[in-house]
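Reading the structure
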Amino acid sequence: MKDADPSTNEREFLLAALKDGARIDGRKFYDFRTLRLTFGAEYGAVEVQLGNTRVLAKVSCEVIRPYTDKPTEGFLMFNTELSPMASAAFEVGRQTDEEVLVSRLIEKAMRRSRALDTEGLCIVAGEKVWSIRVDIHFLDHDGNLVDAACIAAITALLHFRRPDVTVVGEDHTLEQRNPVPLSIHHIPICTTFAFFNNGERMVVDPTFLEEQVKEGDMTITLNVHKEVCALSKAGGIPMEIDQILQCTKIAVVKVAEITAQIQAALEADAKKR
Amino acid sequence: MASITTEQESELLIVLPGDQLPESGLMEDSSAAHRLTLGPGLAPMDDDSITAVKAGILKHNAVGNRWWVESNQRRYVAAQGESIIGVVTGKTAEHYKVDIGASQPALLGVLAFEGATKRNKPNHNIGDSLYCRVSMANKDMEAELECMNPTTGKADGFGELKGGFIIKVSLGLARRLLDPKNLVLRLLGQHIPFEMAVGTNGKVWVNSASAQHTILLCNGIRNSEYLNAAECVAMVKSLVEKM
Amino acid sequence: MSRLDRTRTSAHQLRPFFSSQNLLNRADGSAQFDFGESSVMCSVVGPSEVKLRDEKLDKATIEVVVRPLVGLPGIKDKAREQAIRETLEPLVLSGLHPRTGIQIVVQTMKDDGCILATAFNATILALLDAGIPLKSILGAVTCIVDNNSNEILLDPTTEELANAKSTHTFVFDNKSSITSKEEQQESVDVATLYSDSTGLFSEEEYFECAQICYKAVQAVHGFIRTAVQKKLEKEYQQIHS
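Residues numbered from 1 in each chain as written. Chains lettered and ligands numbered in written order. Predicted model: local features only at pLDDT ≥ 70, side-chain atom pairs only at ≥ 80, totals over all residues.

Quick look at the overall build of chain A now. A tally of regular secondary structure across chain A gives 5 helices and 14 strands. In summary, chain A has a C-alpha radius of gyration of 20 Å against a globular reference of 19 Å for 273 residues, a match within 12%. The dimensions of chain A, computed from C-alpha atoms along their principal axes, are 70 × 40 × 40 Å. Residues classed as buried in chain A amount to 42% of the 273 residues present. The contacts of chain A with a sequence gap of at least 6 include a subset with a gap of at least 24, amounting to 72%. (Helix = DSSP H or I, 4+ residues; strand = E, 2+ residues; numbered from the N terminus. Rg over C-alpha atoms; globule rule 2.2 N^0.38 Å. Buried ≥ 20, exposed ≤ 12 C-beta atoms within 10 Å, placed from the backbone. Contact = placed C-beta atoms within 7 Å.)

This is how it looks when you write it as structure tokens:
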């Protein structure tokens, strides 16, 4: 079932309001919606709410054999199948373009930016390595799935603890010792922009309606050290180079805010345990 | 199962699917002792009992011995005579296809407007929002709409909604907004002049002099759903102050 | 006897319930139901458009999608989809909405055993929230026969499930409570909607499990009623205040 297109009234009102300097939900142009992070009793599970968008990330691990050409490297895998729970427009077993884009973006932001130290996942070189799996479940779709999924994935990885192992000869045993955290190099955070009115107006963290009306979008992935991890502009209207730089500057501020919030949430959770 | 007794009627009487209405309670306060009118949320079962099929509040009206369950949901099921807001999604020579939020698009005859003739009829485009009346609804067929009062043939406010913004609310909230005594609308109206159309399909059209005002009104209406009277007053006050 | 999860003191004690309805904004109805550290979210969309090949002329088509917490949906999830769909089909008054579809998506949020029972309870709450017409509501619980003590443990955790000789999941509707008002009534087969048992067990054990689960389900029904009541009171407080 395809999503219904917004009515002319909604479309024109949204554009007129943006021209007037207002967004439908009362936010400023460069504001994220309220971000809420909820942890479960288990390590490595986090539910992220970005306004009405809801994502659950769950990290799990298992011991597997590494590739022969990379004997010391562990695995990091993402499962980002879009669930029909988030929107009836997502069908089971049929990948939409949106799903491919979301998966690729998360893959680029997290795995290709080498946020996780995969070498540190080696148990016995060429024999046994950890494979870390991140399942991302989209529960409610009110726009900007990418940013929400990215926050959920990295927070879950930071929260996760894997069992400690001891190697005796060729064998390894799972120890009763305290589980250990993953070694994470940096925290990549995505910031998505949507463009309107021939690119004259741009907003951060678009809602579903804004996504339906937008003329183009761009996602910048940065970490708190102001390093660009990924930048994706898949089509849409052409943009000035200056504007991309401006977006990056805005993203730097947003990334610092979100990183601080993630760390505060992790600390608060650690205190409770 | 909680057996339903009529003594409890003064307070909210909540029923769940499967709760049976006692026969004595149904007949008692009716003058025409054997007549009974069942409204939404109640159905006769195979064993001749009257059972609730939705979760909600059991309501009773002594006139005509009517019983129904007042429940809330978000998905619209078309019912004859209701006023709704739809969006034109398609057009043929004889009909507009209108999305009303139900399982299937409804049909609106191109001549079902005030004073429309074959030569002179309003023209609507895909994406236009219309305030219409459900002229026929049946579970086996697409619903049919009209943009006029069937008795007078006059528009009576039905027709295209120009400008403004449309929000989606629960059907229960939409029904409450239709109450002339509705608190949140009165409170908002004290600060901002506005016009609105409420569709029983949960779509609410709001228009005012400026975009900022319309946004505030929409947020106020949406926020009011789970608030009591005092909270409503405080909510509207804080919205107006922020402006 | 103290249970493995240490928060419960009795073998016939359920973990604390939690539920919340109307959580998701895109679905027509949604609910979350928890048995302790097991949690399931369910969304319902419908009655809505249905694909032509799934269309039924005289009733609504019910589709159930079960999504696991970890990994891709497998055989176990398909089996659960079928269990939930076939249990719901006689319960939903699908004849009222012919040629439409009702899509139910079940997502495990936290897994500490008894996911199927938790899913059943989340599903019924989501259906109530969506206003889908139902003949009655249902309630589900799981119990096990412990391998060492031969004792029946209600609502087991993952740890307890590992030591189960047999596992039994029961679903009862709330009409059943009328027919068996006499507590002494031994047979509980009158209104069982779903029963699933695995492992080795005797006939006696099975009926004892059914009896214990039946009693426990009354608590679940009561909880569902209270949850719905609280939600409705909140919705209507403006009118009645």
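Moving on, we come to the overall build of chain C. Along the backbone of chain C there are 5 helices and 9 strands. Secondary structure of chain C in N-to-C order comes out as β-β-β-β-α-β-α-β-β-α-β-α-β-α. For a compact globule of 241 residues, the expected C-alpha radius of gyration is about 18 Å, and chain C comes in at 18 Å, within 12% of that figure. In terms of principal-axis extent, the alpha carbons of chain C reach across some 50 × 50 × 35 Å. Taking all contacts inside chain C whose residues are at least 6 apart in sequence as the whole, residues at least 24 apart take part in 68%.

As annotated by UniProt and renumbered to match this structure, "domain: Exoribonuclease phosphorolytic" (unreviewed entry) occupies residues 13-133 and 139-211 of chain C. Helix and strand shares over residues 13-133 of chain C are 25% and 33% respectively, and the end C-alpha atoms of the span are 32 Å apart. (UniProt positions renumbered as here; feature names shortened; annotations may be inferred.)

On to unusual backbone geometry. A cis amide bond links Gly46(C) to the next residue, Pro47(C), at an omega of -5°. Its location among the elements puts Pro47(C) in strand β3 (residues 38-48). Located in the positive-phi region is Asn198(A), a residue other than glycine, with phi close to 55°. Of note, Asn198(A) is situated in the loop between β11 (189-196) and β12 (201-204). Classification of Asn198(A) as exposed rests on a count of 10 C-beta atoms within 10 Å.

The next thing to look at is the environment of Leu182(A). Residue and element names in this part refer to chain A. In this fold, Leu182 is placed in the loop between β10 (180-181) and β11. For Leu182, a count of 23 C-beta atoms within 10 Å corresponds to the buried category. Placed 27 residues apart in sequence, Leu182 and Leu209 show a C-alpha to C-alpha distance of 38 Å. In this view, Leu182 contacts Leu116, Ile132, Leu157, Phe160 and Arg162; residues no more than four positions away in its chain are not counted.

Residues and elements named next belong to chain B. If you trace the 3 strands from one edge of the open sheet to the other, you get β14-β16-β15, paired in antiparallel fashion. Pairing within the sheet leaves two strands with one partner each, and these edge strands are β14 (165-168) and β15 (194-198). Taken over all neighbouring pairs, the strand axes of this sheet differ in orientation by 25° on average, direction set aside. Relative to strand β16 (residues 203-208), β14 is paired through 4 bridges, and the arrangement is antiparallel. Bridged to Ile166 within β16 is Trp205. Contacts from helix α4 (residues 211-223) reach β14, β15 and β16 within the one sheet, and its direction differs from that of β16 by about 145°. (Pairing = 2+ DSSP bridges. Axes fitted to C-alpha atoms, helices over the stretch in contact; angles between N-to-C directions.)

Residues and elements named next belong to chain A. Within the secondary structure layout, Ile189 lies in strand β11. Distance in space between the C-alpha atoms of Ile189 and Ala265 is 16 Å, their sequence separation being 76 residues. Ile189 has contacts with Cys150, Ile151, Thr221, Leu222, Asn223, Val255, Ile258 and Thr259, leaving out every residue within four places of it along the chain.

What follows is about the sheet that holds strand β2 (residues 20-21) of chain B. Sheet strands pair by backbone hydrogen bonding; their relative direction is either parallel or antiparallel. The strand order β2-β5-β4 (chain B) describes an open sheet built from 3 strands, whose pairing is antiparallel. This sheet does not close on itself; its edge strands, each paired only once, are β2 and β4 (42-44) of chain B.

Of the residues lining the interface, 34 residues belong to chain C; the matching set on chain B comes to 29 residues. Of all the secondary structure elements, the ones that give two or more residues to the side of chain C that touches chain B are β3, α2 (115-130), α4 (176-179) and α5 (203-240) of chain C. Looking at which element gives the most residues to the side of chain C that touches chain B, the answer is α5(C), with 10 residues. In the side of chain C that touches chain B, the residues fall into 13 nonpolar, 12 polar and 9 charged. (Nonpolar A, V, L, I, M, F, W, Y, C, P; charged D, E, K, R; others polar.)

Membership of the largest hydrophobic core comes to 197 residues, with the highest contact counts inside it found for Ala149(A), Ala152(A), Ala153(A), Val106(C) and Val141(C). Discounting chain neighbours no more than four positions away, the residues touching Val141(C) are Leu14(C), Ala117(C), Leu154(C), Asp155(C), Phe170(C), Cys213(C), Ala216(C), Val217(C) and Val220(C). (Core = buried A, V, L, I, M, F, W, Y, C linked by C-beta atoms within 7 Å.)

Take the pairing of strand β13 (residues 216-222) of chain A next. Every other side chain in a regular strand lies on the same face of the sheet, so the side chains alternate between the two faces. All names here are of chain A. Here β13 lies mainly inside the structure; 6 of its 7 residues are buried. As judged from the 7 bridges shared by β11 and β13, these two strands associate in the antiparallel manner. Its bridge partner being in β13, Phe193 is matched across the sheet by Met218. The pairing of β13 with strand β14 (residues 228-232) spans 4 bridges and is antiparallel. From the neighbouring strand, Leu222 faces β14, where its bridge partner is Val228. Here β13 hands over to β14 after 5 residues, with Lys226 in that stretch at a positive phi of 60°.

Quick look at the packing of helix α3 (residues 183-191) of chain B against helix α5 (residues 229-242) of chain B now. All names here are of chain B. Put simply, α3 and α5 touch, their axes get as near as 10 Å, and they point 30° apart. As summarised for this structure, α3 and α5 are arranged roughly parallel, according to the angle between their axes. When the axes of α3 and α5 are compared, the crossing they make is right-handed. Contacts between α3 and α5 pair Leu183, Val184, Leu187, Leu188 and His191 from the former with Ala229, Cys232, Val233, Val236 and Val240 from the latter. A per-class count over the contact of α3 with α5 returns 9 nonpolar, 1 polar and no charged. (Parallel < 35°, antiparallel > 145°, perpendicular 65-115°, else oblique. Left-handed = near helix turned anticlockwise from the far one by under 90°.)

Before going further, it helps to examine helix α3 (residues 145-159) of chain A. An ideal rise of 1.5 Å per residue puts 21 Å on 15 residues; α3(A) measures up with 21 Å between its terminal C-alpha atoms. Within α3(A), 14 of the 15 residues are buried, which leaves the element mostly enclosed by the surrounding structure. (Expected span 1.5 Å × (residues − 1).)

Residues and elements named next belong to chain B. Mapping Trp205 onto the fold places it in strand β16. Overall, Trp205 belongs to the buried group, with 22 C-beta atoms counted inside 10 Å. As a C-alpha pair, Trp205 and Leu161 span 44 residues in sequence and 7.8 Å in three-dimensional space. Those residues within four positions of Trp205 in sequence are excluded, and the remaining contacts are Ile85, Ser129, Leu161, Gly164, Ile166, Met196 and Ala197.

Moving on to the UniProt feature "domain: Exoribonuclease phosphorolytic" (unreviewed entry) in chain A. All names here are of chain A. This chain's UniProt record puts "domain: Exoribonuclease phosphorolytic" (unreviewed entry) on residues 32-163 and 186-252. Helix makes up 23% of residues 32-163 and strand 35%, with an end-to-end C-alpha separation of 36 Å. With 27% helix and 36% strand, the stretch residues 186-252 has end C-alpha atoms that lie 14 Å from each other.

In this section: the packing of helix α1 (residues 75-88) of chain C against α2(C). Residues and elements named next belong to chain C. The geometry of α1 relative to α2 is characterised by a closest axis approach of 11 Å and an angle of 45° between their N-to-C directions. Looking at the two axes, α1 sits oblique to α2. Handedness of the α1/α2 crossing: right-handed. Residue-level contacts link Arg80, Ala83 and Ile84 of α1 to Leu116, Ala119, Phe120 and Thr123 of α2. Residues of the contact of α1 with α2, tallied by class, amount to 5 nonpolar, 1 polar and 1 charged.

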